[in-house]
Amino acid sequence: MPRTSIDRRTFLASTLAGASAALVGGPSLGRSGREAPGPAATADACIFIWLPGGIPQTDFWDPKVFTPYRRGMRGSELLGTAPPIPTAADGIRLGAGLPELASVMDKACLVRSLSSDRKFGAIHLRAQYLMLTGYLHPAGFKAPSIGAIVARSLGRRDPSVPPYIYIGRDIDTSDSERLFIAEAIGPGFLGPGAAPFMVPDATRGLATLEAAAGMSRERLDRRQALFEALAERGPDEIAAAERAQAHRRSIEEARAMMDSSVRRAFDYRSEEPAELIAAYDPAIAPGELIDPSYHNGDRFGHGLLLARRLVERGARFVQVEYQYAPFKGFDMHENGGRRAMEMARQVDRPIAQLVRDLDRTGLLDRTLVVIATEFGRTIASQPAAGIEPEGASESHTGEDLVIERESMYGFHGHFSSTSSMVFFGGGFRKGHVHGRTADRHPMIAVEDPVRLIDLHATLYAALGIAPDTAYVTEGRPVYVTQDGEGEPIAALRSITA
Amino acid sequence: MVTAGEERYADTVGRSALRGGLPEPIRQTPLLPDHAMKRPPARRSTATAARAVLLIFGGVAIAATTTTPDPAAALVERREELLAGLPRLAPPDDPDLPAWALASPNPIDRFVARRWRDAGLPEADSPPPLCDDSAFVRRVHLDLIGVVPTLAEREAFLADLRPDRRERLVDALLARAADCADHWTPFWEDALASSPVSVNGGMATSGNWQRWVNDAVRDALPYDIFAASIIDPGMPRAKPPERGDANGLEVIAHFIRSANETETLQSAAAVAQVFMGTAMKCGSCHNHFENEEWPQRRVVAFAGLFAERDQEIVRCERRTGRIIPAAFPFDPGEEAAATAPEGAAARRALAARQLVDPRNPRFAPAIVNRLWKRFLGLGLVEPADDFRDDRPASDPDLLAFLADDLMRHGFDLRRTTRLILTSRVYQHVHDPALEDGFDVDEPDAPRWFRSPALRRLTAEQVFDSLQVAMEQELDPALRLFRSGESTGLTRALGRPAARNDVTTARSEDPSIVAGLELLNGAEFAGLIEWGALFDLALAQPAAAEAAALLFRALLSREPQPEELAIAEAWLAPTWSSGAIRAGRAATHAGVEVPPLDEAIAAGSALLWFDGAPREGARRSAGWETGATIGGEGGREVDRDAARHAGAARDGIADGALAPPAASIHRSTPPADRGGRSQHWFIDPQSEVDLGPFDLVVVEVRVDPERPAQQVLFQLNDGGSRDGGWSHRAYLGADLIPWGRAETSSRRALGPLPAPGAWALLTVPASRIGLGARHRSVVGASFDEAGGRAEWGRVFIVRRAAPAALESLRDLAWAIAASPEFMHRR
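Within each chain, residues carry numbers counting from 1 in the order of the written sequence. Chains and ligands are labelled by the order in which they are written, letters from A for the one and numbers from 1 for the other. Side-chain atom pairs in this predicted model are given and counted only at pLDDT of 80 or more, local residue features only at pLDDT of at least 70, and totals for whole chains, interfaces and linings cover all residues. Excluding hydrogens and water, the side-chain figures rest on all heavy atoms present in the structure.

### Quick look at the overall build of chain B
And step 1. Secondary structure counts use DSSP, requiring at least four H or I residues in a row for a helix and at least two E residues in a row for a strand, with both numbered from the N terminus. If you tally the helices and strands in chain B, you get 29 helices and 24 strands.
And step 2. When accessible area is computed with a 1.4 Å probe and restricted to protein chains, residues below 20% of their type maximum are described as buried, those above 50% as exposed, and intermediate ones as partly exposed. Taking all 825 residues of chain B together, 62% fall into the buried category.
And step 3. Accessible surface for chain B amounts to roughly 29,300 Å². Of this, 53% is attributable to carbon and sulfur atoms. Using a 1.4 Å probe, the Shrake-Rupley method yields the accessible areas, and only the shown protein chains count as cover for residues.

Below, the structure is given as structure tokens:
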């Protein structure tokens, strides 16, 4: 039940002091100073697998009846592009492209009824922003991403490992859509202290963990000694200032990180068995794709392997992305049947291997793995963005859609009404399905619909963060779930506080 | 036919004429026809309107400038009328004030002294010392134009012994209107959520405000007109909204949007935040949690002014059916009660008028508080975005005075800026023990302003200051805010990757990410890899003097003895005079060009361009190859016999032999191009990397029949700025206006060679901004003005860096990454 604003006001009175991170010029404080303890955490770390572009949930997580392509078939007749396959969990079936994930579904909690009644046109960037921050864009303030909130609220798990690490997204770009996304995964008003530690490509290491321009370690350290010597003997009023000291510490920490376990996490090629590394490779080669440019190489899979190694070394929140680009990857607007299969076979084996690895070492008990996308998909001949505000896709039955050629066969429409999300470990139930969707179009949730805000609340609660934790910006509190109203869903978790 | 490039040039001239004596803005000038973009014609009428407004402020009667009602003029007239009826605020004239305050001509000091005295602070009797001139010159440069001073600027100030030298410096910097505007622009881009594109992934943005803001601030548009122009599309200088196509739907990119309830509320909240320092967003969907000033109905009433009609209260996405009449939230007198007019345009005009009304208790105070915070580090009201009735300013009288003073000086922000910067309180030495802070636990704790608050430079200040320190010149085109790139370093220093939402503050927290970028980032290293500063330093016979130069250039001060000892010891082992001479010779005029053929044979030079673009290269129309002018040239010469050598003089080595006829090229002159001609090529296949010590040598010959008055050579770096063409060197008169004079985008290398003889134009790469941040070269352009010339081959001569360079770079890094450089005090 939502709390009343009176409760919030009382709450604020006691917590405003701690929730001041965003006040520029103000002190940087620790996590929200709630007097009451937060919920007991069931997970210490989280690997958030982010597959933007809009996964066709009925090809992946929520398969219906296989209805093969037939020229002239109606959209309403297109229910599934491949036969569903059984999984290790009784009663759970997945799309045929996910045989490896099927083998670990006994460890999964699968939510099939993530529903939205928020009409914003099912636009990718808006939906991604909503999924990653909990706020609809424009929020009116710079909304922090989930990772930034976790970093800000919980801090580091290990002193040498950044609390929010982001793997798989380019940094340097002037493409405006990518820059928008860079803000959506960023710290928002929480500032650089909560910013993601960016690892664009796990297979290439991280340049800033190596001395610049081929500088030897010896020169690097001599240079740093010079820096320290000069800073020591600089003007007293600088040396005495807290801000200046914090700046010096950030350089020291940077140097320390070059020798840290974080740096060594990148050495997976020399430290992991070859066959294990191979298990993080995609199960499909570029040449097997309709368009080889939709292949991500080892970048995504090895990003998951790196994420695992970072969590083993004390990372708090690691997000691994299959890098989004319009009409690429999961953003399929033609040949959807075949492309869904191609994409499934790129991500299936690495994700399953991650789950197996974490399970084998026992880390899965206290590590939450999430698989998310920004919205689902439905039948459409054209992109549905811009149509959905009027509610077309959620009531679209496909009667008037004639599939005249094979490239039209597949789930091409943006569908924010319903999608799926998957959780492994971290105190979530195992081998469990939550919610049910209609077997015919529109395939909206017909049992146990779930709100996104409540899934966010559940994720936060699992990590020990109360959904009404607030941080202040511009003189007002911003809650980690909008208005503090997210309610953790007990039915998803095997252990609850 | 006039080319697009010519039109652009004409357009610039036209604007200049229209602007009537205002300083010509320095703009990026992509200059080759293929890169030229025609500016929309609307700009001219905007410039005219701006001039009208400025004339009004020059004291010309409103009716004289225009016969049609001008909303801007009407606002000014109204402002003056209303102000005449309001009490004029004055500084305290209490004879018991401390003598130093009574002696100060600056009213701010009296307010501050009175507060100190009333609180019994010891500083009332003995005020904190002033910062020294070195600290002042850095402080005021960073605050006004966003960059550290050059060595020459600093020295000129230190040599000025007049008692009013600080006021003079403030005035001199304020007069650099374009540079001041460049420093302000990122703040307003953040505040207006400016985006380079009008549609992003199917969503309308706020539009691109960079140019508009930059022009408006440079022209000192009165602040009330500035704000009104952003809100009211009927203002003469309002920016036309950008229209875009979002998945087949037309969207309008504008700061104020009201397509639905959310947008309308956000427009209201953004106006409140940006222009009134008032946080009302929280009241947009329920009563404000913690500020009773903002019940939801008050917010919704305000939002009604940004919509077509009165708005309904929607409580957390549930409609209530209660329609709230639109009303401005602060009472600006009789008008507040009036019913809002019909229609969005009329309502926005009303919103703008009431916003800038001198009786609005938040409008002028919010901006003077922002100025105070910008210059002193913390606002009189903190947070600067959270003015509220129950939280008085640290000195309410001072805030009210500054607001009143601003309004009575035509809302000219330069007035308030000057007032603050010439006060004693602004000039206090930084003292951590006296520094104020802001703690949300004690929001009402007073701030005394006995010391400025230390603050981190913005990403823009860091980049731009390093550019100035390294090159000893400010190239506006290189300023970070003009770059659309978002990099690991800019993000780590707090520059947003994209401006998705309105924001008026950036966090200054240090982070491990920033630490890594400074320590190991290629970008930071690139910023301090090479520059005129190193050139100067390498010319110093004594290592100590070279070290001192770095301190002066980066920190604007002399090193302390211990620092100097450390830095000198660092440089000394590699500091040999031979290496230094090599370094200096490589980058200064008066270069000795080695015999090119020998250098090519030895591998220390290469023939980069043989006079004919290869197949597949992009090239301008109008190449003539193998041609020659007059009767003298054009003979086949034995290539092996050609010896390029001779006494050097300022960029030219005379006595060169003619290149082979096949290598001679020139522009086909168009019928009428005002005596200017150009031919160019871009060929990624011919990409070559230059080092800072390399020389680019070009064969050129001025036509004896119709001699060019200027020959200009451009190199293309393949980048996006200026279409890659921001590396230019010329001989002769300064006729072609591209880039900025005296910078690497337009470098003068001396007089023209004698007409008729082949000569070598020798361009040190570092003199035209190549060899460090920009290394690669993919094309060249050959230009003349006032006559004709012909061109030959382009050679690159490699020169090794002196051993001292590495230790110099390391010292520069240690200073540039230091907490002192990264902060303003």
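Still more to cover.
### Focus on the overall build of chain A
And step 1. What chain A contains, in helices and strands, is 16 helices and 19 strands.
And step 2. Put simply, chain A has 497 residues, and 64% of those count as buried.
And step 3. Here, two residues are considered to be in contact whenever any of their heavy atoms come within 4.5 Å of each other. Of the contacts made within chain A by residues no fewer than 6 positions apart, 78% connect residues no fewer than 24 positions apart.
And step 4. Total accessible area computed for chain A in this model is approximately 16,600 Å², and 50% of it derives from carbon and sulfur atoms.

### Remarks on the confidence of the model for chain B
Residues and elements named next belong to chain B.
And step 1. Confidence of the predictor at the level of single residues is captured by pLDDT, which takes values from 0 to 100. Of the residues in chain B, 84% reach a pLDDT of 70 or more, and the chain-wide mean stands at 84.
And step 2. Counting interchain partners and residues more than four positions distant, the pLDDT-below-50 stretch residues 1–66 has 97 contacts.
And step 3. This model gives residues 585–589 a pLDDT under 50, and the stretch forms 16 contacts once residues within four places in sequence are excluded.
And step 4. Reported confidences for the modelled complex are a pTM of 0.83 and an ipTM of 0.82.

### Some thoughts on the packing of aromatic side chains
And step 1. The rule is short: rings of Phe, Tyr and Trp, with Trp giving its six-membered ring, pair when the centres are within 6.5 Å, and they are stacked under 30 degrees, edge-to-face over 60, tilted in between. Counting across every chain of the model gives 45 aromatic pairs over all chains.
And step 2. Ring plane angle 10 degrees and centroid distance 4.5 Å describe the contact between phenylalanine 423 of chain A and phenylalanine 428 of chain A, whose orientation is recorded as stacked. For the pair shown, phenylalanine 423 of chain A and phenylalanine 428 of chain A are each scored as buried.
And step 3. With centroids separated by 6.0 Å and ring planes inclined at 20 degrees, the aromatic side chains of tyrosine 223 of chain B and phenylalanine 226 of chain B adopt a geometry described as stacked. Of this pair, tyrosine 223 of chain B and phenylalanine 226 of chain B both sit in helix H12 (residues 223–231), separated by three residues, roughly a single helical turn.
And step 4. Given a relative accessible area of 2%, tyrosine 223 of chain B falls into the buried group.
And step 5. The rings of Trp184, Phe187, Trp188, Trp209, Trp212, Tyr223, Phe226, Phe275, Phe363 and Phe411 of chain B are connected pair by pair, giving a single aromatic cluster.

### Structural notes on the interface of chain A and chain B
And step 1. Counting from both sides, the interface comprises 85 residues of chain A and, opposite them, 82 residues of chain B.
And step 2. Within this document, salt bridges are pairs made up of a side-chain nitrogen of Lys or Arg and a carboxyl oxygen of Asp or Glu, the two lying within 4 Å of each other. The interface formed by chain A and chain B includes five salt bridges.
And step 3. Arginine 219 of chain A is the partner of aspartate 810 of chain B in a salt bridge, and the nearest nitrogen-oxygen pair spans 2.8 Å.
And step 4. Each polar contact in these results corresponds to two N or O atoms within 3.5 Å; when the atoms are within protein, one needs to be able to donate a hydrogen and the other to accept it, and residues that are neighboring in sequence are counted only if both atoms are side-chain atoms. Applying the counting criterion to the chain A and chain B interface returns 18 residue pairs in polar contact (both at pLDDT 80 or more).

### Structural notes on unusual backbone geometry
Generally, phi is negative for residues other than glycine and the peptide bonds are trans, each holding for most cases.
And step 1. Across the junction of histidine 441 of chain A and proline 442 of chain A, the peptide omega takes the value -5 degrees, indicating a cis bond.
And step 2. Note that proline 442 of chain A resides in the loop between strand E15 (436–437) and strand E16 (445–447).

### Quick notes on the environment of arginine 495 of chain B
All names here are of chain B.
And step 1. Its location among the elements puts arginine 495 in the loop between helix H20 (488–492) and helix H21 (512–520).
And step 2. You can call arginine 495 buried: its relative accessible area is 7%.
And step 3. Along the backbone, arginine 495 and proline 186 are 309 residues apart, and their C-alpha atoms lie at a distance of 9.1 Å.
And step 4. If we ignore the near neighbours within four places in the chain, the residues touching arginine 495 are Ala459, Glu460, Leu480, Phe481, Ser483, Glu485, Thr490 and Arg506.
And step 5. Polar contacts involving the side chain of arginine 495 include one to the main-chain carbonyl oxygen of leucine 480, which spans 3.3 Å.
And step 6. Of note is the side chain of arginine 495, whose polar atom sits 2.9 Å from the backbone oxygen of glutamate 485.

### Some remarks on the pairing of strand E9 (residues 367–372) of chain A
All names here are of chain A.
And step 1. In terms of residue burial, E9 counts as a mostly covered element, since six of its six residues are buried.
And step 2. Of the two faces of E9, the one lined by Thr367, Val369 and Ile371 and the one lined by Leu368, Val370 and Ala372 are each fully buried.
And step 3. Strand pairing is defined by DSSP finding a minimum of two bridges between the two strands. Summarising the sheet, strand E1 (residues 45–50) and E9 pair through six bridges and their orientation is parallel. Looking across to E9, one finds that tryptophan 50 is bridged to alanine 372.

### A word on the pattern of salt bridges
Residue and element names in this part refer to chain B.
And step 1. Enumeration over the complete set of coordinates arrives at 98 salt bridges over all chains.
And step 2. Lysine 373 is the salt-bridge partner of glutamate 382, the closest N and O atoms lying 2.7 Å from each other. For the pair glutamate 382 and lysine 373, a shared accessibility class is recorded, and that class is buried.
And step 3. Linking aspartate 694 and arginine 798 is a salt bridge whose minimum nitrogen-to-oxygen distance equals 2.6 Å. Highlighted residues: aspartate 694 in the loop between strand E15 (688–689) and strand E16 (695–702) and arginine 798 in the loop between strand E23 (789–797) and helix H28 (804–816), separated in sequence by 104 residues.

### Some remarks on the pairing of strand E20 (residues 758–764) of chain B
All names here are of chain B.
And step 1. The buried fraction of E20 amounts to seven of the seven residues, a majority that puts the element mostly inside the structure.
And step 2. Burial along E20 is two-sided: the face carrying Trp758, Leu760, Thr762 and Pro764 and the face carrying Ala759, Leu761 and Val763 are both buried.
And step 3. When E16 meets E20, the two strands line up antiparallel, connected through seven bridges. Note on E20: the bridge partner recorded for valine 700 is alanine 759.

### Considering the packing of helix H7 (residues 217–233) of chain A against helix H25 (residues 561–571) of chain B
Helix-helix packing is described using two parameters, namely the angle between the two axes and the distance between the axes.
And step 1. Axes here mean lines fitted to C-alpha atoms, for a helix over just the part in contact, with angles spanning 0 to 180 degrees between N-to-C directions. Look at H7 of chain A against H25 of chain B: their axes get within 9 Å of each other, and the N-to-C directions meet at 165 degrees. Overall, the two elements H7 of chain A and H25 of chain B adopt an arrangement that is roughly antiparallel. H25 of chain B is crossed by H7 of chain A, and the crossing has left-handed handedness. Across the interface between the two elements, Arg222, Arg223, Leu226, Ala229, Leu230 and Arg233 of chain A from H7 of chain A touch Glu562, Glu563, Ile566 and Trp570 of chain B from H25 of chain B. An angle below 35 degrees is treated as roughly parallel, one above 145 as roughly antiparallel, one from 65 to 115 as roughly perpendicular, and anything else as oblique. Note: crossing handedness is left-handed where the near helix turns anticlockwise from the far helix by less than a right angle, and right-handed where it turns clockwise.

### Let's talk about the nonpolar core
And step 1. Definition of nonpolar core: a set of buried residues of the types Ala, Val, Leu, Ile, Met, Phe, Trp, Tyr and Cys, connected through side-chain atoms within 4.5 Å. Phe424 of chain A together with Trp188, Phe255, Phe275 and Phe524 of chain B are the most contacted members of the largest nonpolar core, which has 239 residues in total.
And step 2. Counting 61 residues, the second largest nonpolar core, distinct from the first, contains Ile146, Leu190, Val480 and Leu492 of chain A.

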